[in-house]
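# Geometric and topological summary
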There are 2 protein chains.
Amino acid sequence: MTTARYTQKDLAGFVTDVLVALGNPVEMARINADVLVWSDLVGRHNHGVIRLPALVARVRKGLIDLGAEPELTALSPGTERIDARHGLGQYAGHLGAARAIALARDTGIGAVGVCNSNYYGIGACYLHQMALEGMIGVALSSSAPKVAAHRGRDPVMGTNPLAFGVPMPDERTLMVDMSTAGLAGSTVREHAEKGWPLPEGFLIDKTGAPVTDPALASKATLLPAAGAKGFGLGLMVEVLSGVLTGGAISHQVLSIYNDFSGPARSGHFFVALDVRRWMPMEDFHDRMRFLTGVIAAAGGDTRLPGESRWRAAEENTRAGIPVAGDVMERLRDHASDLGVALPPPRAVAGVD
Amino acid sequence: MTTARYTQKDLAGFVTDVLVALGNPVEMARINADVLVWSDLVGRHNHGVIRLPALVARVRKGLIDLGAEPELTALSPGTERIDARHGLGQYAGHLGAARAIALARDTGIGAVGVCNSNYYGIGACYLHQMALEGMIGVALSSSAPKVAAHRGRDPVMGTNPLAFGVPMPDERTLMVDMSTAGLAGSTVREHAEKGWPLPEGFLIDKTGAPVTDPALASKATLLPAAGAKGFGLGLMVEVLSGVLTGGAISHQVLSIYNDFSGPARSGHFFVALDVRRWMPMEDFHDRMRFLTGVIAAAGGDTRLPGESRWRAAEENTRAGIPVAGDVMERLRDHASDLGVALPPPRAVAGVD
C-alpha cells in the first residue's frame, strides 16, 4: 500500500471530525486531534493517528467517555487535581499542562495530578506547550503494567514515561522524553508487528529467562532501564501519577489494547516552573546556548534531546505528514461508518 | 589498621568541634556534621566523614568559606534562590530542603535553587528531611564534569545525581538516589583506590575506547546511564541546578579533589510537595502499602529504594557507626592541629 502525505491541518481536521461524530464536543475534539497529529508531525508515528482505531474501539465499548467534562479540584495555590472521568488522555494532558502553567504563573511553580484518564500520547507534546509559555516542564504518565521491578519477575508497573522540557531560543523545545523501562512499549509492539528481533537484556519471560524473539514479545515482561535506576524512576512516576492523584495504581491501570473489562484509568502528573521568576528569558536563553555550546564542542556525534523530533517536524511541515497506507485503510473504515470525509492527500510519498 | 565504631552523637560532636575550630558558626557546624555523619549512619561511607579531610583542605586554602551566611532571595510565593556564598554544601542542602518545605507548606509545592555551593553529600539525606515533614521530595545537584554526552567524547557534565523521596508509614523514607552516569563518581574512586577492575561499558578514554583498568579510571570519562536516558536526566539536573539558579554551568563547576583554582560552585535544586494537600497522610500511607505490596508479591528478589540504607542505619544505631582505621588516622591529624579531642570508640569492630 502507498504512504500518502497530508497537511497537519487536514489530518487534524479529519481526526476532529471523527471524534465529533462520536460525541466529543468540538473544542475538546480539536485539542485531542492536535495532540495526536503533533506526534505524527514530529515523527513519533506510533503515538499518532495510528492509535485512533484502538481509541475509537474503546469509545464504542463505552470505556472512553467522549462526553465527559473533567472535574477540577483546587488543592492549594500551587496544586490542583483533575479527574478526567474516563475522557481521552490527550485532552486531559493538554488541560493538565495548561492548568500547571496557570498555577505557575501565580506562584512560580505549579503541579497538577490527573486521575481516571487514558493513554495521553507523548509527554513531549505537553513539554512544548509549557515551554512556549516560558515554563520548564515535567510530564509523567502511568500505564498498564508491563515492567518488572529491579530483580523482580512479574510486571508491576507500566513503562511509565518521564518527560522534561526546557524553553529554547529558537522555540525548538529541549525535550527529554523516555520510557523508564529499557525499551518503550511502542518499540516492543513495533518489533513484534514487523518481526524484528529484540535486543538482548530488555525482556524476560515468566521464569525470568531472557526473551529476544519478537513472536514472544507481547507476552514478555520488560525490565526497567539500567536496573535499579529505571525502577526508581518508574516508581517516581507511579507515586506521582497513581498514588498521589488518588487514581489507579499498578494493575488497576488497564491496557487500552488488551483489556476491555473497564476504563484504562491512567494517571498523569505535570509540573510547570516559570523561568521568568528566575531571570529574564533572554539571559536564560544565553545560558542554555552556553551549555549546549559546551556539549557540541566536546567531540563525538551528539544530539540534543528533541533535536531529531524538530528535524522531522521541519520535513513534515514542508512535504506533508506521512501516513502509512494500512493505517489510512483502517481509518477509512471508521470514517465511512461515521460519514466523515477522508483528508485530501497532499502528495503520494512512496510505497510501504 | 582497626575499624572502630562510634555513636552517631559522638561522631557528629567530633565533626562539629572540628568545623567550629575552623570558624564555622556552631549552629551551622552541627547541621554540616549531622548531614555528613548521616551518610555513615545509613552505610554510604564514601559520602560521610571520609570526606572531611578534603573539605578541611579546601577550607584552609580559602576555597570553602565556613563563615559565609547564605543569601536568600524570594522569587515568587513558591520559589526561592539561595546563594550559598561558597559555604559547605551540607548546610546549603539542609537549608534548601528546609526552605522548600516552608514554601510547600504555604502553596502546596515549593522549589528552591542553590548556587555557589559545594559538594552536598547524598541527596537521600534531604529527601528524608522532607519526608519527615510529610513531603514528597526531589533533590538534585550538579558536580564537576566527568560524564560525556550520549554519543559524545569529552566530559560535559558531572555525575549529577537525582534523588526522589516519599514519606512511608514506618518513617523509612523511600529514597531513590542515583547518579545519572552509569556509575557514581564515588564508586569509580573506590575501585581506583582499591584496584578493583571496573565493569565494562561505563568508562571511555580520550579516544572513545573503553576503560576497565582501575589505574586509568581517574583520568577516564564516564558514560551516561542507559545512553540517551542518563544524558537527558543529567541535562535536567544541570539545567535546574546550574542554568536556572544563575550559578556555575558545566566546567564552571570545579572538583573538590583536583581543582584548587577557585571555589567549587556546585548548584542544587530542591522540590517539596505537600502530601496532605492531596489526601490525609494515613490514606497516602495505605496507598503506598498497596503499591509496595504488589511489588513484593510479584516474585524475584526485590528491594525498595532505600531499604538497604535503613537496614544499615538499624545495625549502626545498635552497634555504632564503623569508621575505618585509616580514615580515623587522617581525622586524628586534623583534630590534633585544631586541639579537638577524638570521639571515644564505642567498640572495636574488626581489622581493616
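All chains use their own residue numbering, which begins from 1 and follows the written sequence. Ligands are numbered from 1 and chains lettered from A, in the order in which they are written. In view of the model being predicted, local features appear only for residues whose pLDDT reaches at least 70, and side-chain atom pairs are presented and counted only at 80 or more, with totals across whole chains, interfaces and linings using the full set of residues. The side-chain values count all of the structure's non-hydrogen atoms but skip hydrogen atoms and water molecules.

Strands here mean DSSP runs of E at least two residues long; helices mean DSSP runs of H or I at least four residues long; both are numbered from the N terminus. Scanning chain A from terminus to terminus reveals 10 helices and 14 strands. Taken over the C-alpha trace, chain A has a radius of gyration of 20 Å; the compact-globule value for 352 residues is 20 Å, and the two agree within 12%. Counting only C-alpha atoms and orienting by the principal axes, one finds that chain A spans roughly 55 × 50 × 50 Å. Counting only residues that meet the buried cut, chain A has 61% of its 352 residues in that class. Here the radius of gyration uses the C-alpha set of atoms, whereas the globule reference equals 2.2 Å times the residue count to the power 0.38. We call a residue buried when its accessible area falls under 20% of the maximum for its residue type, exposed when it is over 50%, and partly exposed in between, using a 1.4 Å probe and counting protein chains only.

Our next topic: the pattern of salt bridges. Residues and elements named next belong to chain B. Between Lys or Arg on one side and Asp or Glu on the other, a salt bridge is scored when a side-chain nitrogen of the former is within 4 Å of a carboxyl oxygen of the latter. The final tally for this structure, using the stated rule, is 24 salt bridges over all chains. In this structure, Arg60 engages Asp337 in a salt bridge whose closest nitrogen and oxygen atoms are separated by 3.7 Å. Here Asp337 lies in helix α10 (residues 325-338) and Arg60 lies in helix α3 (residues 52-60), a separation of 277 residues in the sequence. Assessed through its relative accessible area of 42%, Arg60 is described here as partly exposed. Overall, Asp337 belongs to the exposed group, its relative accessible area being 57%. A salt bridge links Asp154 to Arg153; its shortest N-O distance comes to 3.9 Å. The exposure class assigned to Arg153 is partly exposed, which follows from its relative accessible area of 32%.

If you rotate chain B by 180 degrees and push it 0.0 Å along the axis, it lands on chain A with an RMSD of 0.0 Å. Such a combination of rotation and displacement between the chain copies is what one expects of a two-fold axis. Using C-alpha coordinates, one finds that chain B approaches the rotation axis most closely at Ala226(B), a distance of 2.9 Å. By the convention used here, residues are in contact when the closest approach between their heavy atoms is within 4.5 Å. Take the interface residues of chain B: 100% of them recur as interface residues in chain A, which is what a same-surface contact looks like. What sets the superposition is a least-squares fit of C-alpha atoms, and only residues with pLDDT of at least 70 in both copies go into it.

Turning next to the environment of Ala215(B). Assignment of secondary structure puts Ala215(B) in the loop between β10 (203-204) and β11 (221-222). Separated by 20 residues in the primary sequence, Ala215(B) and Gly195(B) have C-alpha atoms spaced 6.9 Å apart.

Our next topic: the interface of chain B and chain A. Taken residue by residue, the interface counts 73 residues in chain B and 73 residues in chain A. Buried area: the accessible surface (1.4 Å probe) lost by two parts on joining, summed over both. The contact between chain B and chain A buries some 6000 Å² in all, and 74% of this surface belongs to carbon and sulfur atoms. Our count for the contact surface shared by chain B and chain A stands at 2 salt bridges. The partner of Arg151(A) in a salt bridge is Asp301(B), with the nearest N and O atoms 2.8 Å apart. We call two N or O atoms a polar contact when they sit within 3.5 Å, provided that within protein one can donate a hydrogen and the other can accept it, with sequence-adjacent residues counted only if both atoms are side-chain atoms. At the junction of chain B and chain A, the tally comes to 20 residue pairs in polar contact (both at pLDDT 80 or more). In terms of residue count, the dominant contributor to the side of chain B that touches chain A is helix α7 (residues 228-243) of chain B (11 residues). By the convention adopted, Pro, Cys, Tyr, Trp, Phe, Met, Ile, Leu, Val and Ala count as nonpolar, Lys, Arg, Asp and Glu as charged, and the other residues, Gly among them, as polar. For the side of chain B that touches chain A, the per-class residue count stands at 40 nonpolar, 21 polar and 12 charged.

Now for the pairing of strand β2 (residues 71-76) of chain A. A regular strand places its side chains on the two faces of the sheet in alternate fashion. Residues and elements named next belong to chain A. Alignment of β2 against strand β3 (residues 79-83), held across 5 bridges, turns out to be antiparallel. For Glu71, the partnering residue across the bridge sits in β3 and is Asp83. Note on pairing: two strands pair once DSSP finds at least 2 bridges between them. Connecting the antiparallel pair β2 and β3 is a turn made up of 2 residues.

Residues and elements named next belong to chain A. Each aromatic pair joins two rings of Phe, Tyr and Trp (for Trp, the six-membered one) with centres within 6.5 Å, and gets the label stacked for planes under 30 degrees apart, edge-to-face for over 60, and tilted for any other angle. Tallying each qualifying case throughout the model produces 10 aromatic pairs over all chains. An angle of 40 degrees between the planes, with centres 4.8 Å apart, marks the rings of Tyr120 and Tyr126 as tilted. Accessibility assignment for this pair places Tyr120 and Tyr126 in one class, buried. Clustering of aromatic rings is evident, with ring pairs tying together Tyr120, Tyr126 and Phe270. When the NZ atom of lysine or the CZ atom of arginine is within 6 Å of a ring's centre and also within 35 degrees of its normal, the charge is said to sit over that ring. Against the face of Phe260 rests Lys61, its NZ or CZ located 4.9 Å from the ring centre.

Here we take up the sheet that holds strand β4 (residues 109-117) of chain A. All names here are of chain A. Spatially, the 7 strands line up as an open sheet ordered β2-β3-β4-β12-β5-β8-β9, and their pairing is mixed. Because the sheet does not close on itself, it has two edges, and the strands there are β2 and β9 (174-178). Shown here is a sheet whose adjacent strand axes are inclined to one another by a mean of 15 degrees, direction ignored. Only C-alpha atoms enter the line fits that serve as axes; for helices the fit covers just the stretch in contact. Angles between N-to-C directions range over 0 to 180 degrees.

Glancing now at helix α2 (residues 26-41) of chain B. All names here are of chain B. By definition here, a helix of n residues has an expected span of 1.5 Å times n minus one. The end-to-end C-alpha separation of α2 is 22 Å, in line with the 22 Å expected for 16 residues at 1.5 Å each. Those residues of α2 that sit buried are Met28, Ala29, Asn32, Ala33, Val35, Leu36, Val37, Trp38, Ser39, Asp40 and Leu41. Gly43 lies just past α2 and shows a positive phi near 85 degrees.

Here we come to the nonpolar core. Ranked by size, the top nonpolar core spans 76 residues in total, and within it Phe284(A) and Phe284(B) carry the most contacts. Among residues more than four places away in sequence, those in contact with Phe284(A) are Ile136(A), Val166(A), Pro167(A), Val275(A), Met279(A), Val239(B), Val243(B) and Leu244(B). Only buried residues count toward a nonpolar core, which is a set of Ala, Val, Leu, Ile, Met, Phe, Trp, Tyr and Cys residues joined through side-chain atoms within 4.5 Å.

All right, on to the packing of helix α8 (residues 281-297) of chain A against α7(B) then. Packing of α8(A) against α7(B) brings their axes to within 11 Å, and their N-to-C directions diverge by 140 degrees. By the angle class used here, α8(A) and α7(B) are oblique. The way α8(A) lies across α7(B) gives a crossing that is right-handed. For the pair formed by α8(A) and α7(B), the contact residues are Phe284(A), Arg287(A), Met288(A), Leu291(A) and Ile295(A) on the first element and Phe231(B), Leu235(B), Glu238(B), Val239(B), Gly242(B) and Val243(B) on the second. An angle below 35 degrees is treated as roughly parallel, one above 145 as roughly antiparallel, one from 65 to 115 as roughly perpendicular, and anything else as oblique. Each crossing gets its hand from how the near helix is turned against the far one by less than a right angle, where anticlockwise is left-handed and clockwise is right-handed.

On to the sheet that holds strand β9 (residues 174-178) of chain B, then. Pairing between the strands of a sheet comes from backbone hydrogen bonds, and it takes one of two forms, parallel or antiparallel. Residue and element names in this part refer to chain B. Strand order in the open sheet made by the 7 strands is β2-β3-β4-β12-β5-β8-β9, with mixed pairing throughout. The sheet is open, and its two edges are formed by β2 (71-76) and β9, each paired on a single side. Taken over all neighbouring pairs, the strand axes of this sheet differ in orientation by 15 degrees on average, direction set aside. Of the pairings in the sheet, the one linking strand β3 (residues 79-83) to strand β4 (residues 109-117) comprises 5 bridges and is parallel in character. Of the residues in β4, the one forming a bridge with Arg81 is Gly113. Contacting β2, β3, β4, β5 (135-141) and β12 (266-274), helix α4 (residues 89-107) crosses the sheet at an angle of about 160 degrees to β4.

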